[in-house]
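Analysis of the macromolecular model
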Amino acid sequence: MKIMRNNLKYSKGITVISLVLTIIILLILAGITIATLTGENGFINNANNAKKQTEIAEEKEIIDRATIEAIGGNKRGILTQKELQEQLDKITSKGNTEVSDVGDEFEVVFVDSNRYYIVDKNGNVGESQDIVKDKYPGNITIGIDGETLDGSEEHPYEIWCIEDLCDFSNRINNKNVTSSYVMLMQTLDFKSNRSYVNGNITTEGLIKSCNSIEELKNTLMEGEGFTPIGILASTGRFEGTFEGNNKEIRNLYVNRDGYAGLFGEIFNANINNLGITGSVKSKNDTAGGIAGYADKCNYNNCYNKAIIVSNVYAGGIVGATDNSANINNCYNLGNVTAPNYTGGIAGRCSGKVEGCYNLGNIKSTNGYAGGLIGQSVRNY
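These notes cover the structure that comes with them. (Residues numbered from 1 in each chain as written. Predicted model: local features only at pLDDT ≥ 70, side-chain atom pairs only at ≥ 80, totals over all residues. Heavy atoms only, no water.)

1. Let's talk about the overall build of the protein chain
Using the following cut-off: Helix numbers and strand numbers start at the N terminus; a helix is a DSSP run of H or I with at least 4 residues, a strand a run of E with at least 2. When we talk radius of gyration, it's over C-alpha atoms, and the globule rule is simply 2.2 Å times the number of residues to the 0.38. Think of it in three bands: residues with accessible area under 20% of the maximum for their type are buried, residues over 50% are exposed, and the middle band is partly exposed, with areas taken using a 1.4 Å probe on protein chains only. A contact between two residues is defined here by any heavy atoms of the two lying within 4.5 Å. His is not counted, nor are the chain ends; Lys and Arg add positive charge and Asp and Glu add negative charge. Every charge is mapped onto a representative atom, which is NZ of Lys, CZ of Arg, CG of Asp or CD of Glu.
Across its full length, the protein chain holds five helices and 27 strands. Taken against the 2.2 N^0.38 rule, which gives 21 Å for 380 residues, the C-alpha radius of gyration of the protein chain at 28 Å runs more than 25% over that of a compact globule. Seen through its principal axes, the protein chain has C-alpha atoms that stretch 115 × 60 × 40 Å. The proportion of buried residues among the 380 residues of the protein chain is 49%. The contacts in the protein chain between residues at least 6 apart in sequence include a share of 70% that link residues at least 24 apart. Averaging the positions of the 35 positive and the 44 negative side-chain charges in the protein chain gives two centres separated by 5 Å.

2. Focus: unusual backbone geometry
In most cases, non-glycine residues show a negative phi, while peptide bonds are predominantly trans. One non-glycine residue, Asn-245, adopts positive backbone phi at about 60 degrees. Mapping Asn-245 onto the fold places it in strand β8 (residues 241-256). A positive phi angle is found at Asn-246, which is not glycine, with a value near 60 degrees. Structurally, the position occupied by Asn-246 is in strand β8. Taking relative accessible area as the criterion, Asn-246 reaches 66% and is therefore assigned exposed.

3. A closer look at helix α4 (residues 162-173)
Note the threshold: One less than the residue count of a helix, multiplied by 1.5 Å, gives the span that helix is expected to have.
Its twelve residues give α4 an end-to-end C-alpha distance of 17 Å, which sits within 8% of 16 Å, the value for a rise of 1.5 Å per residue. For α4, a buried count of twelve out of twelve residues is recorded, marking the element as mostly surrounded by other parts of the structure. All of the buried residues in α4 are Ile-162, Glu-163, Asp-164, Leu-165, Cys-166, Asp-167, Phe-168, Ser-169, Asn-170, Arg-171, Ile-172 and Asn-173. Considering only its buried residues, α4 is in contact with β5 (157-159), β6 (181-184), β7 (188-189), α5 (213-221), β8 and β9 (263-267). Looking one or two places after α4, you find Lys-175, whose phi comes out positive at around 60 degrees.

4. Brief notes about the packing of aromatic side chains
To describe a pair of aromatic rings, you give the distance between the ring centres and the angle between the ring planes. This is how it is decided: We call Phe, Tyr and Trp rings a pair once their centres come within 6.5 Å, taking the six-membered ring for Trp, and we label the pair stacked below 30 degrees between planes, edge-to-face above 60, and tilted otherwise.
Enumeration according to the criterion identifies twelve aromatic pairs in this entry. Judged by centre distance (6.5 Å) and plane angle (80 degrees), the ring pair of Phe-168 and Phe-263 falls under edge-to-face. Pair noted here: Phe-168 is in helix α4 and Phe-263 is in strand β9, with a separation of 95 residues, a long-range link. Judged by relative accessible area, which is 0%, Phe-168 ranks as buried. Ring centres of Tyr-331 and Tyr-357 lie 5.0 Å apart, and the angle between their planes is 5 degrees; this geometry places the pair in the stacked category.

5. Some words on the environment of Lys-135
Positionally, Lys-135 belongs in the loop between β4 (129-130) and β5. Among the residues examined, Lys-135 registers a relative accessible area of 58% and is labelled exposed. Between the C-alpha atom of Lys-135 and that of Gly-146, which follows or precedes it by eleven residues, the distance is 7.8 Å. Other than its neighbours up to four places away in sequence, Lys-135 contacts Ile-144 and Asp-145.

6. Section: helix α3 (residues 81-92)
Taking 1.5 Å per residue, twelve residues should reach 16 Å; α3 reaches 16 Å between its end C-alpha atoms and fits that length. Leu-84, Gln-85, Gln-87, Leu-88, Asp-89 and Thr-92 are the residues of α3 that are buried. Ser-93 occupies a position one or two residues after α3 and carries a positive phi of about 80 degrees.

7. Overview of the sheet that holds β4
Let me state the cut-off plainly: When DSSP finds two or more bridges between two strands, those strands count as paired. Every axis corresponds to a line fitted to the C-alpha atoms, with the helix fit spanning only the stretch in contact, and the corresponding angles, defined between N-to-C directions, vary from 0 to 180 degrees.
Ordered in space as β1-β2-β3-β4, the four strands form an open sheet in which the pairing is antiparallel. The open sheet has two edge strands with one neighbour each: β1 (97-101) and β4. Strand direction decides the pairing type here: strand β2 (residues 105-110) and strand β3 (residues 115-120), joined by six bridges, are antiparallel. Bridge pairing links Glu-105 to Asp-120 in β3. Against the sheet, α3 contacts β1 and β2, and its axis sits at roughly 170 degrees relative to β1.

In structure tokens form, the structure reads like this:
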């Protein structure tokens, strides 16, 4: 009887061990299966990527067909916004695509997929780029999913659309969020409808809220254009970090008295990884693609392709700097013109310039001009 009981205990022990091992093996197999299905290189992810690439190929083919028909049908051999839109509407049905004329190029947006393509005047199609629509446009303190942002480096204010950029300008010019950390989340183009959401801006300020995208676009592309972020120390200037995130602000238009640039006046600020295109003009003060005037600021990996004009000092990156600026790995491709100190990087510069270059035309009508710096003051 003892032997039988011992055998029974032994059998139960074997059964429990087998069960545990079986469970472990099943869990391992399940883990492998889940990883195989849902991992970065899993079947599901690969299938989604394949589907996306197929859609992109189809969209590019649609644009190719539309451009060929548009160019061939106008007898001038050039592409126009109206004719390109008409041909796209014939192929995809009206409302499925949106064409914006953004200067030397067109942007073609596919509404359903939220992707856009750059098309040049000769009909050459660029790579696809995803569009993320801001659910809370015109308010940089709310994230894209509704989360609260406090402007810290951990939770920076986010700029997803032109309305957000206007909100940021209004807040700075109202002496609000001046020392914040701000991040540009996607490339924005003042001439492109895809960069706008609804024309509404929640913060009262120098840039007024509009009732439509077209109204806001016209406001920012006519007259004085975009109000720079921080126009005077007395009314508010940016003193934080602006992370461009290797994106661009395209077709910026500024035409005003006072400091002119994406930023007007900045102090003790960091501007990183940002590109500017468009036109910046100051009628009676300094002008630059990034900033009109700066004090104790750092610029890293920035570039300017905008036309810069000033009646005082002008620079591709900054019009004038004081108190030890640091300008690192920046370049200018835009034409820069001023009567006095004019430079491809800075019109007047106090500080250090390293790893920078200029390929734009630099013109000073009365004073000094330099490929990089018009006037160097206490540089080291």
